[in-house]
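# Architecture and fold: a report
For reference, the chains in residue letters:
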Amino acid sequence: MYRKLISSLSLFCSLFLYGCMKSDLPENSDKSEVSAPTLRENRQQLRAPLEIDPAILTSRSFGEAPMLAELVARGELPPVSERLPENPLVIVPIEEIGIYGGTIRRALIDDTVQETEITKTLNENLMGYERPVAKSIQLNLAESYQFLDEGKTAVFRIRKGIRWSDGMPFTVDDILFWYYDMVFDKNAMTEPFPPSEWLADGKPINLEKIDDHTLKITSPKPLGRVLNSLCHDDLAQPKHVWAKYHPRYNAQATYDDFKKRTSVTVGKLVMEPGIPRLSAWVPVEWIRGQKVVYKRNPYYWKIDSAGNQLPYADRLLFSIIPESQMILLKFTNGEIDLFGENFEAEMVPAAKAEEKRGLLQLRQAGPVRGPTLYLNWDAPSPALQKAFREKNVRIALSHAIKREEIGRIAYNSLLVPSGYSFGPGSPYYSAEAAQKYSSYDPQKSRELLEASGYIDSDNDGIREFKDGSPFEVIIDVINTSGLLDVCELIADYWNAIGIRVHLNPGKEEIIFPRRLNGEFDIFATFQRGAADPLDAPHHWVIWSSNQPFWHRNASRESPKWLKDATEQMKRAFFSVDPKALREAMVQVRDLQSGNIPAIVIGSVYKYWGANTRLGNVPVVCSVENNFRGWPRPIFHEQIFIKHAPIRF
């Protein structure tokens with residue numbers, strides 16, 4: 001059996017709870033306006049100015065990278081004062097003002113499957129979660145916003161003078177093109193469903209252009225989550241590039257061609273050279289299966305607190321390395337600068353040994369969303385489908401799992417055992433709710449299964465469904481996710497209580513479509529929306545047809561508790577009243593924890609590391625996927641290369 005026993009490390013694991021997001025709306029939200037302060041980040045012996053000298057902004061005497069200054073000198077690029085917006089976003093570096101030059105080196109397991117890691121690194125939206133720790137929501141492309149009509153209307157003012165990386169102006173038209181001509185055009189959309197956060201009562205929220213730099217958003221319900229939605233992936237696409245390929249603007253164009261050009265699933269929007277971006281770097285080379293190379297965006301619209309245009313690094317390089325162990329080797333050899341997304345618990349001892357040599361530094365965060373088994377309430381087998389819908393069966397499956405042992409073996413003692421509930425990073429977290437049904441009690445599991453009519457009538461060690469067939473399940477697991485060892489242990493635990501388990505490990509491109517099509521019995525993954533369920537309501541409740549993915553027929557066959565949880569989630573989602581929001585989310589939490597629709601193993605402390613040649617690397621950062629995972633809080637644009645790798 002593929003399993004590695006790892007000796008436990010004696011580690012001091014400090015529990016870092018992410019602070020609650022500041023309320024989406026100011027206390028006096030009606031007709032109130034929020035203006036842009038200087039962003040202030042987590043302090044690590046800060047040696048940079050806390051605020052920019054106003055004279056720099058008045059005189060527009062900005063610094064720029066030598067490689068761009070050369071282009072300006074040759075007349076190939078406008079001066080930096082003309083490339084930056086009227087009101088550039090000022091970033092106070094985490095430690096110090098950086099120096100220009102060099103390449104930040106990262107690695108991906110696969111370029112087409114892990115393109116989201118690039119997206120989270122580079123995405124820019126109107127708003128953004130505070131970095132490196134997601135304590136609040138802050139202004140980004142937007143320089144101010146205000147709420148009207150008791151929160152049903154929001155008006156955002158975009159920084160005037162922001163340009164795409166090709167020098168063309170960025171305007172509200174680019175947002176509306178993305179929204180109406182891509183996301184909500186059924187013929188053009190490349191995803192199976194539109195994003196749920198932009199729906200109200202099943203219909204798209206209205207986006208409207210007031211002028212080139214003013215966006216108005218209106219909804220029949222209060223826009224309680226609009227600021228969170230505006231912290232996620234890119235909200236705009238360059239209309240001046242894509243309109244000619246869209247049938248709405250070009251009668252000769254076809255939707256098939258448009259979708260091929262803009263397909264998210266093959267990474268074209270984020271990796272294809274030649275597509276203008278608003279990010280710190282833009283793609284210049286993509287050799288599939290080998291590497292993706294990004295070069296600095298000459299029109300990037302952020303500056304440091306000394307007036308220097310960001311980013312500091314000239315390039316961002318993603319090498320494609322199919323095995324996480326090989327990524328670890330290259331990281332410890334100094335060939336990769338940042339390693340986090342595929343950093344598995346079993347790698348900690350080896351990385352710590354290398355840390356002593358001075359080439360790298362490790363960071364710990366969390367605990368964050370942990371391993372979860374999503375039971376398919378609409379499984380292909382009617383007998384299994386019926387079993388999964390019985391609460392006592394789900395409780396029995398949970399009590400049969402020896403979570404502490406999984407923590408020692410698969411997570412190097414970095415797992416905090418728990419049941420299905422909101423995660424420790426949630427402002428609505430409850431330790432009592434999280435521990436429900438999580439104790440190891442296989443005898444109780446057997447008793448619950450017996451009482452539910454699942455017995456072993458032929459004494460072969462395997463129970464039978466009520467139709468007489470063997471009680472057996474298939475666990476789908478992506479074999480690069482670090483979950484295979486966990487599933488092997490769970491197979492042993494469930495076999496011990498009379499349930500036969502088959503493992504189906506495979507690559508993401510094979511396993512994930514089974515999940516999308518509802519063809520799975522159990523899907524092993526990491527818990528969705530643990531820190532902020534409102535950021536992923538479709539994983540928790542009946543947000544639209546075919547959702548949640550673990551109960552695609554819920555809109556027709558839902559149990560009462562799930563309907564109640566759905567109503568409370570919707571109440572919370574649209575609420576602008578903090579008290580009502582909390583009340584609703586506590587009810588959602590208790591309904592979910594008490595009815596255990598899926599099996600959570602626990603939350604996991606996360607390790608990541610950085611080469612010591614990098615400056616301005618945060619010591620503490622948010623790594624929850626709800627806050628854009630590990631890559632975004634690392635704050636790449638203010639990281640700089642301070643020296644060549646040194647090994648002691």
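An account of the accompanying structure is given in this report. Note that this is a predicted model, so its numbers are computed, not measured.

### Here's the deal with the overall build of the protein chain
Counting its regular elements, the protein chain contains 21 helices and 26 strands. For 648 residues, the compact-globule estimate of 2.2 N^0.38 gives 26 Å, and the C-alpha radius of gyration of the protein chain, at 25 Å, lies within 12% of that figure. Principal-axis analysis of the C-alpha atoms gives the protein chain an extent of 85 × 60 × 50 Å. Residues classed as buried in the protein chain amount to 58% of the 648 residues present. Counted over contacts in the protein chain with a minimum sequence separation of 6, partners at least 24 positions apart contribute 73%.

### Concerning the packing of aromatic side chains
Given two aromatic rings, their pairing is described by the distance between the two centres and the angle made by the two planes. Across all of its chains, the model carries 33 aromatic pairs by this definition. Each ring, one from Y129 and one from F627, has its centre 5.1 Å from the other, and the planes form 65°; the classification is edge-to-face. Of the two residues, Y129 sits in strand β4 (residues 127–129) while F627 sits in the loop between β25 (614–615) and β26 (640–641), which places them 498 residues apart along the sequence. Exposure class is identical for Y129 and F627. Each is buried. Each ring, one from Y300 and one from W301, has its centre 5.6 Å from the other, and the planes form 50°; the classification is tilted. Under the relative-accessibility criterion, W301 is labelled buried at 0%.

### As for the sheet that holds strand β21 (residues 500–506)
If you trace the 5 strands from one edge of the open sheet to the other, you get β21-β20-β22-β18-β23, paired in mixed fashion. Looking at which strands have only one partner, the edges of the open sheet turn out to be β21 and β23 (599–600). The pairing of strand β20 (residues 472–478) with β21 spans 7 bridges and is parallel. Following the sheet pairing, V473 is matched in β21 by V501.

### Side note on helix α16 (residues 442–451)
Of all the residues in α16, the buried ones are P442, S445, L448 and L449. Take α16 and look down its axis: the buried residues cluster within an arc of 115°, on one side only. In the stretch just after α16, G453 is the one whose phi turns positive, near 90°.

Cut-offs and rules
- Residues numbered from 1 in each chain as written.
- Predicted model: local features only at pLDDT ≥ 70, side-chain atom pairs only at ≥ 80, totals over all residues.
- Heavy atoms only, no water.
- Helix = DSSP H or I, 4+ residues; strand = E, 2+ residues; numbered from the N terminus.
- Rg over C-alpha atoms; globule rule 2.2 N^0.38 Å.
- Buried < 20%, exposed > 50% of the residue type's maximum accessible area, 1.4 Å probe, protein only.
- Contact = heavy atoms within 4.5 Å.
- Phe/Tyr/Trp six-rings, centres within 6.5 Å; stacked < 30°, edge-to-face > 60°.
- Pairing = 2+ DSSP bridges.
- Arc of directions from axis to C-beta.

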